[in-house]
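# A closer look at the structure
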Amino acid sequence: GLAVAWLVIATVLLWAALPQLFSVHDPLQGVPGGQLKAPSMAHLLGTDSLGRGLFARIVHGSVHSLSGALAAVGVGLVVGTALGLFAGSVRGRTDALLLRFVDVLLSIPTLLLSLSIIVILGFGTLNAAIAVGATAIAGFARLMRSEVVRVRNAEFVEAAFGSGGTFGKVLWRHILPNSLTSV
């Protein structure tokens, strides 16, 4: 099962990197008289209503799907992790305020939040990826904060502070790496 999953991932990555090796047809150019044809050796998945090969469109479109998914996960991961790291390490009122912001993000339905962000930013693959990533920020932030709070109370962090470590250095050298390995 795992080998098949890795094979599918490798195939899609190759499609995104070198689509011309897998499809000889232009994904944008329709063939007159070739509309809605059944799958054949010429068009593995058939053609659409404009005579374009469906397999060619899937192969050439994989780069956009992968880049959008990578950007969405990247936005959620980077912003959510930074927010959770900061909230868990500073404690006090700042932590409470950031947690209330995260709670507000969690209370808004994801579709409504995504559509609102797309309306504000405009249409496009990157803006849609940012909108989807923004819905994941709260989950990453809560997870990271809980790990930071757990690691922050460990003895080696207190020892790092006791031996003269500054907040930034202890955060960067001790809290962040140990919080990321736990997640």
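Read on for an overview of the structure. (Residues numbered from 1 in each chain as written. Predicted model: local features only at pLDDT ≥ 70, side-chain atom pairs only at ≥ 80, totals over all residues. Heavy atoms only, no water.)

Since there are 3.6 residues in each turn of an α-helix, residues three or four apart along the chain are aligned in direction. Taking 1.5 Å of rise per residue, 37 residues should cover 54 Å, and helix H2 (residues 54-90) covers 53 Å from first to last C-alpha, within 8% of that figure. For H2, the principal kink sits at Gly61 and spans about 40 degrees. At the exit of H2 stands Arg91, carrying a positive phi of roughly 60 degrees. (Helix = DSSP H or I, 4+ residues; strand = E, 2+ residues; numbered from the N terminus. Expected span 1.5 Å × (residues − 1). Bend = angle between axes of the 7 residues up to and from the residue.)

What describes a pair of aromatic rings is the distance from one ring centre to the other and the angle between the planes of the rings. Throughout the structure, instances matching the rule amount to one aromatic pair. Taken together, a centroid distance of 5.7 Å and an interplanar angle of 90 degrees make the contact between Trp15 and Phe55 edge-to-face. Placement of the pair is Trp15 in helix H1 (residues 2-17) and Phe55 in helix H2, with a sequence separation of 40 residues. Judged by relative accessible area, which is 16%, Trp15 ranks as buried. (Phe/Tyr/Trp six-rings, centres within 6.5 Å; stacked < 30°, edge-to-face > 60°. Buried < 20%, exposed > 50% of the residue type's maximum accessible area, 1.4 Å probe, protein only.)

Looking now at the packing of H2 against helix H3 (residues 92-107). Running from N to C, H2 and H3 cross one another at 145 degrees; their axes reach a closest spacing of 7 Å. The interaxial crossing formed by H2 with H3 has left-handed handedness. Only Gly92, Thr94, Asp95, Leu98, Phe101 and Val102 of H3 make contact with H2, whose side of the interface consists of Leu83, Phe86, Ala87, Gly88 and Val90. Split into classes, the residues belonging to the contact of H2 with H3 amount to seven nonpolar, three polar and one charged. (Axes fitted to C-alpha atoms, helices over the stretch in contact; angles between N-to-C directions. Left-handed = near helix turned anticlockwise from the far one by under 90°. Contact = heavy atoms within 4.5 Å. Nonpolar A, V, L, I, M, F, W, Y, C, P; charged D, E, K, R; others polar.)

Let us look at the pattern of salt bridges. Under the counting rule described, the total for this entry stands at five salt bridges. One salt bridge in this structure joins Asp103 and Arg100, with 3.1 Å as the shortest N-O distance. Note that Asp103 and Arg100 are positioned in helix H3 at a spacing of three residues, about one turn of the helix. Residue Asp103 is classed as partly exposed on the basis of its relative accessible area, which comes to 27%. With a shortest N-O distance of 3.0 Å, Arg150 and Glu147 are connected by a salt bridge. Residue Arg150 and its partner Glu147 are both found in helix H5 (residues 125-152); the two are separated by three residues, about one turn of the helix. On the basis of relative accessibility, which here comes to 46%, the residue Arg150 falls in the partly exposed class. The buried category is assigned to Glu147, whose relative accessible area is 14%. Each of Arg100, Asp103 and Arg142 takes part in one network of salt bridges that share partners. (Salt bridge = Lys/Arg side-chain N within 4 Å of Asp/Glu carboxyl O.)

For the rest of this paragraph, the subject is the environment of Val149. In this structure, Val149 sits in helix H5. For Val149, a relative accessible area of 28% puts it in the partly exposed group.

Structurally, Gly162 can be placed in helix H6 (residues 155-162). Classification of Gly162 as exposed rests on a relative accessible area of 66%. Between the C-alpha atom of Gly162 and that of Ser116, which follows or precedes it by 46 residues, the distance is 47 Å.

Attention shifts here to the side chain of Ser89. Residue placement: Ser89 occurs in helix H2. Judged by relative accessible area, which is 1%, Ser89 ranks as buried. One polar contact links the side chain of Ser89 to the main-chain carbonyl oxygen of Phe86, over a distance of 3.2 Å. Other than its neighbours up to four places away in sequence, Ser89 contacts Val148, Arg152, Phe167 and Leu171. (Polar contact = N/O pair within 3.5 Å; in protein donor to acceptor, adjacent residues only side chain to side chain.)

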